[in-house]
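# Coordinate analysis (summary)
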Amino acid sequence: MSERAVLHVKGRILVGPDEVRDELWVVGGRISYDRPSGARDIRTVDGWVLPGLVDAHCHVGLDRHGAVPEDVAEKQALTDRDAGALLLRDAGSPSDTRWVDDRDDLPKIIRAGRHIARTRRYIRGYAWEVEPDDLVAYVAQEARRGDGWVKLVGDWIDRDLGDLSACWPRGAVEAAIAEAHRLGARVTAHCFAEDSLRDLVEAGIDCVEHATGLTDDTIPLFAERGVAIVPTLVNIATFPALADGGESKFPRWSAHMRRLHERRYDTVRSAHDAGIPVFVGTDAGGTLPHGLAADEVVELTKAGIPPAEALAAGTWAAREWLGRPGLDEGAPADLVVYAADPRADVRTLRDPRRVVLNGRVVG
């Protein structure tokens, strides 16, 4: 399409869970519901239309060893884009990916800065590794560097204990979260196990990643405080293999990981049923490939979340939570076109017919 070209998108435009329109127009890269006057160079796209999918737990610029070169990060971002994920919350990365913001052909990224972990309590090469006395300073640093989010590592394996355990004392996380909020940033935390959750929520955390350790005791607390979770079920599927690999050295940890995996669907369904906000995230970029947002929506339905709500968790609701527009008048035209109604079968999300980013057909 030329810069002057107008895109006419027609079919069924899923503006929201309860709002469907017959057509929209893309003029100058932005959405309009009014036909432009005098338009001659018009391209038409037909189908079922959603706002670009959201992957709310993604790591562009990261692989299993740490930061990657820009050409590798570009391929990661393109893989997400071609799968329809046009808004990514990068939940921790040692890479500087600000250059992506200058590319109108790559997904939009909301950054959480670099992970902040306890010393020797996370994957090597990923995080700032600090002790509790330094936590507030590093949270302030990453709050200033990020896009309104900070990422803590809330728990990890304690080699002396041989199992998962909380990384931070209560007072340290209270002070750190308060400082992030003072600077206008929200805070999220990686948490697999049970014992870090109450302290983090009562300290004012905004979101928890994975949240496999939720129990009947902590689910009501999350619901009462409105703390969101991003379950990353496509990542939790790897727990049995991780447990097998660590069984000889850390049998207690391995058994714990298997239990968390076995009840993963019950955990997510109970959280949803209690009213906890649940959003789509894949944890791509560590050990998992990019482009799995559709698979995560499918996983949420396997956990018992109704298809319409699982779809919202990766589209309308997720964009509202992150403060980014959907298919709104005047918004950047970031949308995905499908051959069939994704509300009827969320597996349709795996096969986008067209991807439109900043008003350009890019896939």
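This one's a predicted model, so the numbers in the text were calculated from it and none came from an experiment. (Residues numbered from 1 in each chain as written. Predicted model: local features only at pLDDT ≥ 70, side-chain atom pairs only at ≥ 80, totals over all residues. Heavy atoms only, no water.)

### Structural notes on the overall build of the protein
To keep things clear, this is the line we draw: We count a stretch as a helix when DSSP gives it H or I for four or more residues in a row; a strand needs E for two or more, and each element gets its number in order from the N terminus. Based on C-alpha atoms, the radius of gyration is set beside the globule rule, defined as 2.2 Å times the residue count to the power 0.38. Note on classification: 1.4 Å probe, protein chains only; a residue is buried when its accessible area is under 20% of the maximum for its type, exposed when over 50%, partly exposed between these limits. Residue contacts follow a heavy-atom distance rule, with two residues in contact if any of their heavy atoms lie within 4.5 Å. The sign given to each residue is positive for Lys and Arg and negative for Asp and Glu; His and the chain ends receive no count. In this description, the location of a charge corresponds to atom NZ of lysine, CZ of arginine, CG of aspartate or CD of glutamate.
Per the secondary structure count, the protein includes twelve helices and 20 strands. Here the protein has a C-alpha radius of gyration of 21 Å; the compact-globule value for 363 residues is 21 Å, and the two agree. By the burial criterion, 56% of the 363 residues in the protein qualify as buried. Considering only residue pairs separated by 6 or more positions, the protein has 65% of its internal contacts joining residues 24 or more positions apart. Here the protein contributes 46 positive and 59 negative side-chain charges, whose respective centroids are spaced 3 Å apart.

### Regarding the nonpolar core
Worth spelling out the cut-off: Here the nonpolar core consists of buried residues drawn from Ala, Val, Leu, Ile, Met, Phe, Trp, Tyr and Cys, with membership extended through side-chain atoms lying within 4.5 Å.
By size, the foremost hydrophobic cluster in this structure holds 90 residues, and its most contacted members are Leu135, Ile205, Phe222 and Leu300. Residues Leu24, Tyr33, Ala333 and Val356 belong to the second largest nonpolar core, which totals 15 residues.

### A word on the pattern of salt bridges
Put simply, the rule reads: Salt bridges are defined by distance alone: a side-chain nitrogen of Lys or Arg within 4 Å of a carboxyl oxygen of Asp or Glu.
Per the counting criterion, the structure on display carries 28 salt bridges. The residue Asp147 makes a salt bridge to Arg111 at a minimum N-O spacing of 3.1 Å. Here Arg111 lies in strand S9 (residues 108–111) and Asp147 lies in the loop between helix H2 (135–145) and strand S12 (149–153), a separation of 36 residues in the sequence. Residue class for Asp147 comes out partly exposed when judged on its relative accessible area of 26%. Of the charged contacts in the structure, one is a salt bridge between Arg269 and Asp266, with a shortest N-O distance of 2.4 Å. Of this pair, Arg269 and Asp266 both sit in helix H9 (residues 264–273), separated by three residues, roughly a single helical turn.

### A closer look at the sheet that holds strand S20 (residues 360–361)
Applied cut-off: For two strands to pair, DSSP has to find at least two bridges joining them.
Read from one edge of the open sheet, seven strands run S3-S2-S1-S4-S18-S19-S20, paired in mixed fashion. Strands with a single pairing partner mark the edges of an open sheet, and in this sheet they are strand S3 (30–32) and S20.

### Digging into H2
Among the residues of H2, Leu135, Val139, Ala140, Glu142 and Ala143 are the ones counted as buried. Looking at the buried positions of H2, the neighbouring elements they touch are strand S10 (116–118), strand S11 (128–130), S12 and helix H3 (170–182).

### Looking at the side chain of Thr218
Here Thr218 is to be found in the loop between strand S16 (207–210) and helix H5 (219–225). Classification of Thr218 by relative accessible area gives buried; the value is 6%. Setting aside chain neighbours within four positions, we find Thr218 in contact with Leu197, Arg198 and Gly213.

### Some remarks on unusual backbone geometry
Of note, the phi angle at Arg120 is positive, near 60°, even though the residue is not glycine. Note on Arg120: relative accessible area 63%, which makes it exposed. Residue Asp283 is not a glycine yet carries a positive backbone phi of 70°. Classification of Asp283 as buried rests on a relative accessible area of 14%.

### Some details on the sheet that holds strand S8 (residues 85–90)
Heads up, the rule is: Here the axes come from fitting lines to C-alpha atoms, over the contacting stretch only for helices, and the angles between their N-to-C directions go from 0 to 180 degrees.
Spatially, three strands are ordered S5-S8-S9 in an open sheet, and the strand pairing comes out parallel. Taken across any chain shown, the strands that pair with only one partner, and hence form the sheet edges, are strand S5 (53–58) and S9. Averaged over all adjacent pairs, the angle separating strand axes in this sheet is 20°, with direction ignored. As paired elements, S8 and S9 share four bridges and run parallel to each other.

### A look at the side chain of His272
In this structure, His272 sits in helix H9. Residue class for His272 comes out buried when judged on its relative accessible area of 18%.

### Some details on the packing of aromatic side chains
Keep this limit in mind: Centres within 6.5 Å make a pair out of two Phe, Tyr or Trp rings, where for Trp the six-membered ring is used; the pair is then stacked when the planes are under 30 degrees apart, edge-to-face when over 60, and tilted otherwise. For a ring to carry a charge above it, either NZ of a lysine or CZ of an arginine must fall within 6 Å of the ring centroid while also lying within 35 degrees of the normal to the ring plane.
Applying the stated rule across the entire model yields seven aromatic pairs. Here the aromatic rings of Tyr122 and Tyr126 are separated by 6.0 Å at their centres, their planes lie at 75°, and the arrangement is edge-to-face. An identical accessibility class is assigned to Tyr122 and Tyr126; each is buried. Ring pairs connect the aromatic residues Tyr122, Tyr126, Trp156, Phe192 and Phe239, which therefore count as one cluster. Above the face of the Trp128 ring, Arg114 is positioned so that its terminal group lies 4.5 Å from the ring centre. Sitting over the face of the ring of Tyr265, Arg264 holds its NZ or CZ atom 4.3 Å from the ring centroid.

### With respect to the environment of Pro220
Positionally, Pro220 belongs in helix H5. Spatially, the C-alpha atom of Pro220 lies 24 Å from that of Pro307, the residues being 87 residues apart in sequence.

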